[in-house]
Amino acid sequence: MAFWSLCMIVKNEEAVLERCLNSVKELVDEIIIVDTGSEDATKEIAGRFTGLIYDFPWADDFAAARNFSFSKASGDHIMWLDADDVLPEKSLRLLLEKKKSMEPETDVIMLPYQTAFDETGNPVFSYERERILRNCPKSVWVGAVHEVIVPFGRIEHVAAPVRHEKVKAGDGNRNLRIYERLLAENRTLDARQQYYYGRELYAHGRYQEAEQVFSCFLKMPEAWIVNRIEASRLLAFCLYQENREEEALSALLRGLTLDTPRAELCCDIGKHFLDREKYEAAAFWYQAALSLPRPAQAEGFVEEDCHGFLPCIQLCVCYDRMGDWEKAEEYNERAGFWRPQSPYYLHNRNCFAEKRKKAEAGRAALPDAEPFPPALPTS
């Protein structure tokens, strides 16, 4: 059977490291922990699971740290996790079976990565990551931040998600700080790093700068299509912030031309019309979102709500504003199928119940209707 190494880089992760390692220890044959400067009990906790603990001076370069961790692995394949990741029991069982049956020619195993969750813990944002890789010279991390190993060779996809369950806020300025240092050193950002630099600028409210970065990125022929689609959306969001509404809509519509239309883009366009009280147009785009199949994980970021809950809850709003309460309530119930504990769904449900109660009370207050007179005979 295959021999798998787990490689992790950590710093001050005493709150989550044990949870992570307990979730994966049955799957892997060795655990390698690279500590980049912990000042808490992280290394003590790691020592309960492995003796392979190494120090690595942190230099604002995630790829360098991960490559160092990979250099210590002796397994045929290497798995990586962050300390605040968890491998659910179902995923563990699937991967144990995969490990037994894996073809020796397999180079990369892609797994879903779930990074945001609704009020009941169900994933609402996910994408695939290169999670288990052959221990070979091609398994090299690139990118000081938002690092990646470009998948190569024989690639397999396994529906065994990893959950990213943070319990504390990180350094929200770290990634942008790293990018700005690289640029100050006249380092060139490749297409993928340019895209993520734009995301960091957007997250920090620097919309004009982010707009410029995304506009340049969208002209780069080597840019990944999934990143181009997301960049079209983020460019539009920047333009909305600058009150350039028609340009924003144009950016979204151009995004539709890049590949098979995505539900996320359709929902964005629906919101454009909903915000401008053009309810029929908004309903068209939300219906379009509902009609689209959920893409394969390999096709980039997936906002789960855009494939069910969000278009349904927004169609409820559209039809309510158009005066069709029956259809509005129908879509609210459909939204509840996707997220039964959503406060939006529950609020709407109460509103519809109140409307029915008032309507019934109004009918009860009316006098009994006189029967219609018989129809006149026709000659």
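Rules used throughout
- For every chain, the first residue of its written sequence is number 1, and the numbers climb from 1 along that sequence.
- Given that this is a predicted model, residues contribute local features only at a pLDDT of at least 70 and side-chain atom pairs are listed and counted only at 80 or more, while totals for whole chains, interfaces and linings are drawn from all residues.
- Values reported for side chains reflect all heavy atoms of the structure, with hydrogen atoms and water molecules removed beforehand.
- Only Phe, Tyr and Trp rings take part, Trp by its six-membered ring, and two of them pair if their centres are within 6.5 Å. Stacked means planes under 30 degrees apart, edge-to-face means over 60, and tilted covers everything else.
- Numbering of helices and strands starts at the N terminus; helices are DSSP runs of H or I of at least 4 residues and strands are runs of E of at least 2.
- Relative accessibility thresholds used throughout: buried, under 20% of the residue-type maximum; exposed, over 50%; partly exposed, between the two (1.4 Å probe, protein chains only).
- Criterion for a charge above a ring: Arg CZ or Lys NZ at most 6 Å from the ring centre, at most 35 degrees from the ring normal.
- A fitted line through C-alpha atoms represents every axis, and for helices the fit uses only the stretch in contact; the resulting angles, taken between N-to-C directions, go from 0 to 180 degrees.
- Should an angle fall under 35 degrees it is called roughly parallel, over 145 degrees roughly antiparallel, and 65 to 115 degrees roughly perpendicular, with every other angle called oblique.
- Should the near helix be turned anticlockwise from the far one by less than a right angle, the crossing is termed left-handed; should it be turned clockwise, right-handed.
- Here a residue-residue contact requires only that any non-hydrogen atoms of the pair lie within 4.5 Å.
- Every case where a carboxyl oxygen of Asp or Glu lies within 4 Å of a side-chain nitrogen of Lys or Arg is listed as a salt bridge.
- Under the scheme applied, nonpolar residues are Ala, Val, Leu, Ile, Met, Phe, Trp, Tyr, Cys and Pro; charged residues are Asp, Glu, Lys and Arg; polar residues are all the others, including Gly.
- Two strands qualify as a pair provided that DSSP identifies no fewer than 2 bridges between them.
- For the purposes of this analysis, a disulfide is any pair of cysteine sulfur atoms at a distance within 2.5 Å.

- Labelled according to an unreviewed UniProt entry, the protein appears under the name Glycosyltransferase, originating from Candidatus Eisenbergiella merdavium.

1. Regarding the packing of aromatic side chains
Turning to step 1, where the next piece is worked out: In total, this model carries 17 aromatic pairs according to the counting rule given.
Turning to step 2, where the next piece is worked out: Ring centres of Phe 70 and Trp 141 lie 5.9 Å apart, and the angle between their planes is 75°; this geometry places the pair in the edge-to-face category. Here the residue Phe 70 occupies a position in helix 3 (residues 62–71), and Trp 141 occupies one in the loop between strand 7 (123–134) and strand 8 (155–157), the gap between them amounting to 71 residues.
Turning to step 3, where the next piece is worked out: Of the residues examined, Phe 70 reaches a relative accessible area of 6% and is grouped as buried.
Turning to step 4, where the next piece is worked out: Counting every residue linked through ring pairs, the aromatic cluster contains Tyr 113, Phe 125, Tyr 127 and Phe 301.
Turning to step 5, where the next piece is worked out: Arg 131 extends its terminal NZ or CZ atom over the ring of Tyr 113, reaching a point 4.6 Å from the ring centre.
Turning to step 6, where the next piece is worked out: Lying over the aromatic face of Phe 309, Arg 339 brings its terminal NZ or CZ to 4.7 Å of the ring centre.

2. A closer look at unusual backbone geometry
Turning to step 1, where the next piece is worked out: The backbone of Asp 60 shows a phi angle near 55°, a positive value even though the residue is not glycine.
Turning to step 2, where the next piece is worked out: With respect to the secondary-structure elements, Asp 60 resides in the loop between strand 3 (52–55) and helix 3.

3. Focus on the packing of helix 12 (residues 309–321) against helix 13 (residues 325–338)
Turning to step 1, where the next piece is worked out: Following both chains from N to C, one finds helix 12 and helix 13 inclined at 165°, their axes separated by 8 Å at the closest point. With respect to helix 13, the element helix 12 is oriented roughly antiparallel. In terms of crossing hand, the pair formed by helix 12 and helix 13 is left-handed. Here Phe 309, Cys 312, Ile 313, Leu 315, Cys 316, Tyr 319 and Asp 320 of helix 12 come into contact with helix 13, specifically with Trp 325, Lys 327, Ala 328, Tyr 331, Asn 332, Arg 334, Ala 335 and Trp 338.

4. A look at the environment of Trp 325
Turning to step 1, where the next piece is worked out: Residue placement: Trp 325 occurs in helix 13.
Turning to step 2, where the next piece is worked out: Judged by relative accessible area, which is 46%, Trp 325 ranks as partly exposed.
Turning to step 3, where the next piece is worked out: Placed 27 residues apart in sequence, Trp 325 and Phe 352 show a C-alpha to C-alpha distance of 8.0 Å.
Turning to step 4, where the next piece is worked out: Setting aside anything within four residues of it in sequence, one finds Trp 325 in contact with Asp 320, Phe 352 and Lys 355.

5. Examining the pattern of salt bridges
Turning to step 1, where the next piece is worked out: All told, the structure shown has 39 salt bridges when counted by the stated rule.
Turning to step 2, where the next piece is worked out: A salt bridge links Asp 259 to Arg 262; the nearest nitrogen and oxygen atoms lie 3.1 Å apart.
Turning to step 3, where the next piece is worked out: Since its relative accessible area comes to 33%, Asp 259 is described here as partly exposed.
Turning to step 4, where the next piece is worked out: On the basis of relative accessible area, Arg 262 is assigned to the buried category, the value being 9%.
Turning to step 5, where the next piece is worked out: Note that Lys 271 and Asp 275 form a salt bridge whose closest N and O atoms lie 2.6 Å from each other. Within this pair, Lys 271 and its partner Asp 275 are both found in helix 10 (residues 263–275), separated by 4 residues, close to a single helical turn.
Turning to step 6, where the next piece is worked out: What makes Lys 271 partly exposed here is its relative accessible area of 43%.
Turning to step 7, where the next piece is worked out: Residue classification places Asp 275 among the partly exposed positions, given a relative accessible area of 47%.
Turning to step 8, where the next piece is worked out: Shared partners join several salt bridges into a network, and the residues in it are Asp 60, Arg 181, Glu 185 and Arg 187.

6. A closer look at the packing of helix 10 against helix 11 (residues 279–291)
Turning to step 1, where the next piece is worked out: For the pair helix 10 and helix 11, interaxial distance at closest approach is 8 Å and the crossing angle is 170°. With respect to helix 11, the axis of helix 10 lies roughly antiparallel. Here Ala 263, Cys 266, Cys 267, Ile 269, Gly 270, Lys 271, Phe 273 and Leu 274 of helix 10 lie close against helix 11, whose contacting residues are Tyr 279, Ala 281, Ala 282, Trp 285, Tyr 286, Ala 288 and Ala 289.
Turning to step 2, where the next piece is worked out: Of the residues belonging to the contact of helix 10 with helix 11, the class tally is 13 nonpolar, 1 polar and 1 charged.

7. Section: the pairing of strand 1 (residues 4–10)
Turning to step 1, where the next piece is worked out: Burial analysis of strand 1 places 7 of its 7 residues in the buried class, which makes it a mostly covered element.
Turning to step 2, where the next piece is worked out: Burial of the side chains of strand 1 extends over both faces: Trp 4, Leu 6, Met 8 and Val 10 are buried on one face and Ser 5, Cys 7 and Ile 9 on the other.
Turning to step 3, where the next piece is worked out: Note that strand 1 and strand 4 (residues 77–80) share 4 bridges and pair parallel. If you follow Leu 6 over to strand 4, its bridge partner there is Met 79.
Turning to step 4, where the next piece is worked out: Strand direction decides the pairing type here: strand 1 and strand 2 (residues 30–35), joined by 6 bridges, are parallel. Considered in strand 2, the bridge of Val 10 is made with Asp 35.

8. Points about the state of the cysteines
Turning to step 1, where the next piece is worked out: Applying the stated criterion across every chain yields a total of 0 disulfides.
Turning to step 2, where the next piece is worked out: The thiol sulfur of Cys 20 is not disulfide-bonded, and the nearest other cysteine sulfur, from Cys 7, lies at 12 Å.
Turning to step 3, where the next piece is worked out: Given a relative accessible area of 0%, Cys 20 falls into the buried group.
Turning to step 4, where the next piece is worked out: Left unpaired, Cys 306 is separated from the closest cysteine sulfur, that of Cys 267, by 4.0 Å.
Turning to step 5, where the next piece is worked out: Accessibility expressed as a relative area gives 2% for Cys 306, which makes it buried.

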